[in-house]
Amino acid sequence: MRPLAWCIGATIALAAATAAARPVTYLCDEELEVKIDFTPRKAQLHLREKDYTMQRVKSARDGHYVNSKERLELVANKSDLKLREGKSELQCKLKVTP
């Protein structure tokens, strides 16, 4: 029975590691830093001293997340990010730290 318990424990640990957030920082319009923690189904957006939870939506785009209540939308495509706040739109680039 011990090998079965070990396998179950290893499977749970692997699933938890897979769902862990991947934090990244984008630089928008050369002055605004946006931090985002991506998980497979959600993104946690850190914008102007506030945190927003965004849901991933099915889309032909790479990573498309929305928060309808706050009128936020982001589309992540490799090192580019498009962030919409209401009617305004920011173009962002992945911030690379040496």
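Bear in mind the structure is a predicted one, so any value in this text is a computation, not a measurement.

*Asks:* When you look at the sheet that holds strand β3 (residues 42–47) in this model, what are you seeing that I'm missing?
*Replies:* The strand order around the closed barrel formed by eight strands is β1-β2-β3-β4-β5-β6-β7-β8, and the pairing between neighbours is antiparallel. For this sheet, the mean angle separating the axes of adjacent strands, direction not counted, is 30°. Note: strand β6 (residues 72–77) against strand β7 (residues 80–85), six bridges, orientation antiparallel. Along β7, the bridge assignment pairs E73 with R84.

*Asks:* When you look at the nonpolar core in this model, what are you seeing that I'm missing?
*Replies:* Inside soluble globular proteins, nonpolar side chains tend to come together where they are buried. Formed by 20 residues in total, the largest nonpolar core has its most connected members in Y26, V34, I36, F38, L45, L47 and L74. Elements represented by at least two residues in this core include exactly β1 (22–28), β2 (32–38), β3, β4 (50–56), β6, β7 and β8 (88–94). Apart from residues no more than four positions distant in its own chain, L45 is found in contact with V34, K35, I36, K50, D51, Y52, M54, L72, L74 and L83.

*Asks:* Would you mind going over the pairing of β3 with me for this structure?
*Replies:* It is a general feature of regular strands that their side chains alternate between the two faces of the sheet. The two faces of β3 differ: A43, L45 and L47 on one face are buried, but K42, Q44 and H46 on the other face are not. Two elements, β2 and β3, share four bridges in a ladder whose sense is antiparallel. When the bridges of β3 are listed, F38 appears paired with A43. Hairpin connection between β2 and β3: a loop of three residues separates the two successive antiparallel strands. Both β3 and β4 contribute to a ladder of six bridges, which runs antiparallel. For Q44, the partnering residue across the bridge sits in β4 and is T53. If you look at the hairpin formed by β3 and β4, you'll find two residues sitting between the two strands, and R48 has a positive phi there, around 50°.

Rules used in this analysis
Residues numbered from 1 in each chain as written. Predicted model: local features only at pLDDT ≥ 70, side-chain atom pairs only at ≥ 80, totals over all residues. Heavy atoms only, no water. Pairing = 2+ DSSP bridges. Helix = DSSP H or I, 4+ residues; strand = E, 2+ residues; numbered from the N terminus. Axes fitted to C-alpha atoms, helices over the stretch in contact; angles between N-to-C directions. Core = buried A, V, L, I, M, F, W, Y, C linked by side-chain atoms within 4.5 Å. Buried < 20%, exposed > 50% of the residue type's maximum accessible area, 1.4 Å probe, protein only. Contact = heavy atoms within 4.5 Å.

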